[in-house]
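# Structural overview
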There are 2 protein chains.
Amino acid sequence: MIRTNTDLLDYIALLQRHSVNSIGVEAFKAKQLILEQDRRYNTVYVIKKGIAKCYITDENGKEFIQEFLGAGMEFGELEVFSEKMTICSVSSVSELETYTFSHRIFNELLEKDPKFNKMVMKALADKIRYKAPRHSYQHSYPIEDNILRLKRTFPEFTDVLPKKDIANYIGITTRSLNRALKDLKESGK
Amino acid sequence: MIRTNTDLLDYIALLQRHSVNSIGVEAFKAKQLILEQDRRYNTVYVIKKGIAKCYITDENGKEFIQEFLGAGMEFGELEVFSEKMTICSVSSVSELETYTFSHRIFNELLEKDPKFNKMVMKALADKIRYKAPRHSYQHSYPIEDNILRLKRTFPEFTDVLPKKDIANYIGITTRSLNRALKDLKESGK
DNA sequence: GCATAAAAAGGACATTTGTCCCAACCCATA
DNA sequence: TATGGGTTGGGACAAATGTCCTTTTTATGC
């Protein structure tokens, strides 16, 4: 549920030690908006520590959470390859520390560092692999099953994340989430 | 709705003319199963002509269609980067012609041809960009809105694709699709 | 051209989920 | 300590969607 990529994180930590000025570091307090949907940016972030959420907001203000991002996850990288707007907003959920790359530096690394190139490629592939079954599952199964599934992969999810976010992640309303949680409790989890 | 990537297709056509033996060509009749979920493969396909569907089947046999793939779209490429099973089955919808790459050749190209590398990278990024708003939209809006949206991007969708596939793409039952189509017709589209 | 199977359309009903509320609670701070 | 915003939990009802089934239409093989 909260995705991570330690291989990438370790490698970037290594890179940064050798080229201090090209790779930056940034810190955010909890609940800060870092990227806003439909805007143009010039930075790629890789999470060093903390949790962020990546979400789409529709015209009615409803959020739909794409992913929760943990250590080693990138965001803002899609816009390196096509000069378009971001599709997702990204906010910090907890306090957050990130590495930052300008598009220019990121591209330079992709071109000159085959290992980096491969890792980024794999990270993209993993994002696709991860999303497919998730959305499929959410459509095909009742809410209760989806909650049980979350519990399996991330037992303490109700403690770390606000109910609103969990509901937006599953793509349901808070009301439905509460109802399902109650029913699960009554039927002995 | 049916995705394409002419840049990639053109480039591969070019590549193939110069190295006939490493890039293969394959043809499929309509409704053939090309990749089966949860199996291991060693080939990357790029569609030359025709339409394929990429879908996940759950334990109850329900299909959830991830994407319809048209000219220039790849499939089987995710497994080059992580040696895992396919998550999606892929079947031809119409007659299909594809270019084929062994993992070895695909990797060689990625390493030695920066242009190819960049195109594949961009193709991956586009798949992610495309999926996010689609699933978000499907969750947030009633079926009728989703159908109208399809009609806008692909007006003849009801002629080319079977109802079953359209329903599985939106993530609803055929019954619901028919109901919505009927209501739309009655209210003057 | 006929027989059979598959796809499409839709009626009737059950279930799920959302909408709109309101009440309880936590907790920051004036 | 009182006040107000935000989060949580849930009641009552409405709307959307699914399930099950039957009928009609269209495609396909012999």
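One can find the structure itself at the top, above this paragraph.
Below or above, wherever it landed, is the structure these notes cover. (Residues numbered from 1 in each chain as written. Chains lettered and ligands numbered in written order. Predicted model: local features only at pLDDT ≥ 70, side-chain atom pairs only at ≥ 80, totals over all residues. Heavy atoms only, no water.)

### Description of the overall build of chain A
Defined as follows: Helix and strand assignments come from DSSP, with helices taken as H or I runs of at least 4 residues and strands as E runs of at least 2, each series counted from the N terminus. Accessibility here uses a 1.4 Å probe with only protein chains present; expressed as a share of the type maximum, an area under 20% marks a residue as buried, one over 50% as exposed, and anything in between as partly exposed. Residues count as neighbours in contact if any of their non-hydrogen atoms are within 4.5 Å of one another. Here the accessible surface of atoms and residues is derived via Shrake-Rupley with a 1.4 Å probe, and residues count as covered only by protein chains that are part of the display.
Secondary structure summary: chain A contains 8 helices and 9 strands in total. Overall, chain A is about 55 × 35 × 30 Å in size when its C-alpha atoms are taken along their principal axes. When each of the 189 residues of chain A is scored for burial, the buried share is 56%. Once local pairs closer than 6 in sequence are excluded, the contacts in chain A between residues at least 24 apart make up 75%. For chain A, the exposed area adds up to about 9,000 Å²; of that, 50% sits on carbon and sulfur atoms.

### Overview of the sheet that holds strand β3 (residues 33-35) of chain A
What counts, and what does not: Here the rule is simple: two strands pair whenever DSSP picks up at least two bridges between them. Only C-alpha atoms enter the line fits that serve as axes; for helices the fit covers just the stretch in contact. Angles between N-to-C directions range over 0 to 180 degrees.
As summarised here, the arrangement of the 5 strands in space is β1-β6-β5-β8-β3 (chain A), forming an open sheet in which the pairing is mixed. Strand pairing shows two members of the sheet lacking a second neighbour, β1 (2-3) and β3 of chain A, which therefore form its edges. Pairing of strand β5 (residues 52-57) of chain A with strand β8 (residues 89-92) of chain A, which is carried by 4 bridges, proceeds in the antiparallel orientation. Residue pairing across strands places K53 of chain A opposite S91 of chain A, the latter belonging to β8 of chain A. Against the sheet, helix α4 (residues 114-140) of chain A makes contact with β1 and β6 (63-69) of chain A, and its axis sits at roughly 135° relative to β6 of chain A, the strand it touches most. On the sheet, helix α4 (residues 114-140) of chain B packs against β5 and β6 of chain A and is oriented at approximately 135° with respect to β6 of chain A.

### Focus: the protein's contact with DNA strand C
The condition that has to hold: If even one non-hydrogen atom of a residue comes within 4 Å of a molecule or strand, that residue is called near it. We define a polar contact as two N or O atoms separated by no more than 3.5 Å, with the added condition that, inside protein, one atom must be a possible hydrogen donor and the other a possible acceptor, whereas residues neighbouring each other in sequence contribute only through side-chain atom pairs.
Around DNA strand C, the structure places 15 residues, and the nearest of them are S176 and R179 of chain A together with K163, R175 and N178 of chain B. Across the atoms of DNA strand C situated within 4 Å of the protein, the share located in sugar and phosphate is 54%. Here a base nitrogen of DNA strand C and a side-chain polar atom of R179 of chain A are 2.8 Å apart. With respect to DNA strand C, the side chain of N178 of chain B contributes an N or O atom lying 3.0 Å from a phosphate oxygen. Contributions of two or more residues to the surface near DNA strand C are made by α8 (174-186) of chain A together with α7 (163-170) and α8 (174-186) of chain B.

### Regarding helix α1 (residues 6-18) of chain A
All names here are of chain A. How we decide: The span you would expect from a helix comes to 1.5 Å times its residue count less one.
With 13 residues, α1 extends 19 Å between its outermost C-alpha atoms, agreeing within 8% with the 18 Å of an ideal straight helix rising 1.5 Å per residue. Every buried residue belonging to α1 is among L8, L9, Y11, I12, A13, L15 and Q16, and all of these are buried. Tucked into the core, α1 has its buried residues touching β2 (24-28), β4 (43-49), β7 (74-75), β9 (96-102), α3 (103-112) and α4.

### Let's talk about the sheet that holds strand β7 (residues 74-75) of chain B
All names here are of chain B. Read from one edge to the other, the open sheet built from 4 strands follows the order β2-β9-β4-β7, with strand pairing classed as antiparallel. Unpaired on one side and paired on the other, β2 (24-28) and β7 mark the two borders of the sheet. For strand β4 (residues 43-49) and strand β9 (residues 96-102), the ladder comprises 6 bridges, and the chain directions are antiparallel. Residue pairing for β9: Y45 is matched across the bridge by T100. Strands in contact with helix α1 (residues 6-18) are β2, β4, β7 and β9; relative to β9, the strand with the most contacts, it is inclined by about 65°. On top of the sheet, helix α3 (residues 103-112) reaches β4, β7 and β9; it is set at about 75° to β9, its chief contact.

### Re the protein's contact with DNA strand D
In the vicinity of DNA strand D, 14 residues are found, and the nearest of them are K163, R175 and N178 of chain A together with S176 and R179 of chain B. Per the 4 Å cut-off to the protein, sugar and phosphate atoms form 51% of the nearby atoms of DNA strand D. Contact distances for DNA strand D include 2.4 Å between a phosphate oxygen and a side-chain N or O atom of K163 of chain A. Between DNA strand D and the protein, one listed contact pairs a base nitrogen with a side-chain N or O atom of R179 of chain B at 2.8 Å.

### Here's the deal with the side chain of H135 of chain A
With respect to the secondary-structure elements, H135 of chain A resides in helix α4. A distance of 3.0 Å separates a polar atom in the side chain of H135 of chain A from a polar atom in the side chain of H135 of chain B. Setting aside anything within four residues of it in sequence, one finds H135 of chain A in contact with F64 and Q66 of chain A together with F64 and H135 of chain B.

### Quick notes on the interface of chain B and chain A
Where interface size is given, it is often the accessible area lost as the parts come together that is meant. For clarity, the cut-off: A simple way to read buried area is as the amount of 1.4 Å-probe accessible surface that goes missing from two parts once joined, with both sides added. Salt bridge, as used here: a side-chain nitrogen of Lys or Arg that lies within 4 Å of a carboxyl oxygen of Asp or Glu.
Every contact between the two is made by 40 residues of chain B and, on the other side, 40 residues of chain A. Both faces combined, the contact of chain B with chain A buries some 3,500 Å², and carbon together with sulfur accounts for 62% of it. Taken together, chain B and chain A are joined by 4 salt bridges. The partner of E79 of chain A in a salt bridge is R129 of chain B, and the shortest N-O contact between them spans 2.8 Å.

### Some points on the relation of the copies chain B and chain A
Defined as follows: Least squares is the method used to superpose the copies, on C-alpha atoms of residues holding a pLDDT of at least 70 in both.
For the pair chain B and chain A, the superposition axis carries a translation of 0.0 Å, the fit reaches an RMSD of 0.1 Å, and the rotation angle comes to 180°. Look at the turn and shift together and you get a two-fold axis relating the two. A high fraction, 100%, of the interface residues of chain B reappear at the interface in chain A, so the copies pair face to face through one surface.

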